[in-house]
Amino acid sequence: DATVAVSCWLQSAHPQVIRDGDEPLAALPDVPESLFAYDVVVLHDPDPAALPSGWGLLVRRFVDELGGGLLLQAGPQHTTRLLRDPQLADLATLLPATVDADAEVRLRSAGAFRTTSRALAVPPTARGHAVVALAPDAAISAQIWAALPGVWWTLPLGRLKPLGAPLLALADGDA
């Protein structure tokens, strides 16, 4: 989409690596003047040890005060530590659900390697939601979701917050 400008900062890359995007970033935006210039922040399993002190509060201000968007793509390496880190507690308050207090125990007991993926399904309450609508017709959209390969890892959630609503769930109904 020509109306969207993308800037990328890869946390694990060497500082001198050339970054991708329409407007490459030399560093993580870590002050209001730099972060507040964006509309959305996408975090993909970030390492909390590499995020600056106070960054969680900065992102919370970005969302709460400016209406910025936040997407946290949970992942198996760092997400559980990120959500427990007191320096980044403000990030966890922005999520639509709490994380299962026993998430790490449940993840370890499930094993590190999966032999099959797990199918996703759109819950009845989310059918027709623009984020999960893969076709104009909800029934066709559900068929498309059923045909997709599924996921290999999930983060166990606790409870939904009062305004939280699940847009996708494991098709087998397990948490």
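For the structure, see preceding data.
Parameters at a glance
Here the residue index of a chain counts from 1 through its sequence in written order. Thresholds applied to this predicted model are a pLDDT of at least 70 for local features of residues and 80 or more for the giving and counting of side-chain atom pairs; totals over whole chains, interfaces and linings are not thresholded and use all residues. Side-chain numbers here rest on the full set of heavy atoms in the structure, without hydrogens or water. Think of it in three bands: with a 1.4 Å probe and only protein chains considered, a residue is buried below 20% of the maximum accessible area for its type, exposed above 50%, and partly exposed in between. To qualify as a helix, a DSSP run of H or I must reach at least 4 residues; to qualify as a strand, a run of E must reach at least 2; elements of each kind are numbered from the N terminus. Two strands are counted as paired when DSSP detects at least two bridges linking them. When the strands point away from the viewer and the path from the first strand over the helix to the second turns clockwise, the crossover is right-handed. Basic side-chain nitrogens of Lys or Arg form a salt bridge, by our definition, when they fall within 4 Å of a carboxyl oxygen of Asp or Glu. Joining through side-chain atoms within 4.5 Å is the link that ties buried Ala, Val, Leu, Ile, Met, Phe, Trp, Tyr and Cys residues into a set, and such a set is a nonpolar core. Two residues qualify as a contact provided that any one of their heavy atoms is within 4.5 Å of a heavy atom in the partner residue. Each pair of aromatic rings taken from Phe, Tyr and Trp, with Trp reduced to its six-membered ring, is defined by centres within 6.5 Å and is described as stacked if the planes are under 30 degrees apart, edge-to-face if over 60, and tilted in the remaining cases.

*Asks:* Looking at this structure, I do not really get the pairing of strand β1 (residues 40–44). What am I missing?
*Replies:* In β1, alternate side chains face the same way, and those of V41 and L43 are buried while those of V40, V42 and H44 on the opposite face are not. Taken together, the 5 bridges between β1 and strand β2 (residues 69–73) define a ladder with parallel strand orientation. Opposite L43, over in β2, you have L72 as the bridge partner. Since β1 and β2 lie parallel, the crossover through helix α2 (residues 55–64) that links them has a hand, and here it is right-handed.

*Asks:* Looking at this structure, I do not really get the environment of L94. What am I missing?
*Replies:* Tracing the chain through its elements places L94 in helix α4 (residues 89–94). For the pair L94 and Q73, spaced 21 residues apart in sequence, the C-alpha to C-alpha distance is 13 Å.

*Asks:* Looking at this structure, how should I read the pattern of salt bridges?
*Replies:* Note on pairing: side chains with opposite charge can pair once their charged atoms come close. Overall, the coordinates contain 5 salt bridges when judged by the stated rule. Close ionic contact of R81 with D47 constitutes a salt bridge, the shortest N to O distance being 3.4 Å. A residue pair is termed long-range when its members are at least 10 positions apart, and R81 in helix α3 (residues 79–84) and D47 in the loop between β1 and α2 qualify at 34 residues. Exposure remark for R81: the relative accessible area of 32% places this residue in the partly exposed category. Linking R60 and D64 is a salt bridge whose minimum nitrogen-to-oxygen distance equals 2.8 Å. Placement of both R60 and D64 in helix α2 is noted, with a separation of 4 residues, approximately one turn of the helix. Residue D64 is classed as partly exposed on the basis of its relative accessible area, which comes to 48%. In this structure, a network of salt bridges that share partners links the residues R60, D64 and D90.

*Asks:* Please clarify how the nonpolar core should be interpreted in this entry.
*Replies:* Counting 17 residues, the largest nonpolar core has L35, V41, L51, W55, L82 and L91 as the members making the most contacts within it. Of all the elements in the fold, those that place two or more residues in this core are β1, α2, α3 and α5 (103–110). Ranked by residue count, the leading element in this core is α2, at 4 residues. With residues up to four places along the chain from it excluded, the contact list for L82 reads P46, P48, L51, L72, L88 and L91. Grouped together as the second largest cluster of nonpolar side chains are 6 residues, L120, V122, V132 and W145 included.

*Asks:* So what exactly am I meant to see when it comes to the environment of G21 here?
*Replies:* Looking at where G21 falls in the secondary structure, it is placed in the segment before α1 (32–35). The sequence separation of G21 and C8 amounts to 13 residues, and the corresponding C-alpha distance is 5.6 Å.

*Asks:* What am I meant to see in the packing of aromatic side chains here?
*Replies:* Each aromatic ring pair is described using two quantities: the centre-to-centre distance and the angle formed by the ring planes. Counted according to the given criterion, the structure contains 1 aromatic pair. Here F36 and F62 contribute two aromatic rings whose centre-to-centre distance is 6.4 Å and whose plane-to-plane angle is 25°, an arrangement assigned as stacked. Pair noted here: F36 is in the loop between α1 and β1 and F62 is in helix α2, with a separation of 26 residues, a long-range link. Classification of F36 as partly exposed rests on a relative accessible area of 23%.

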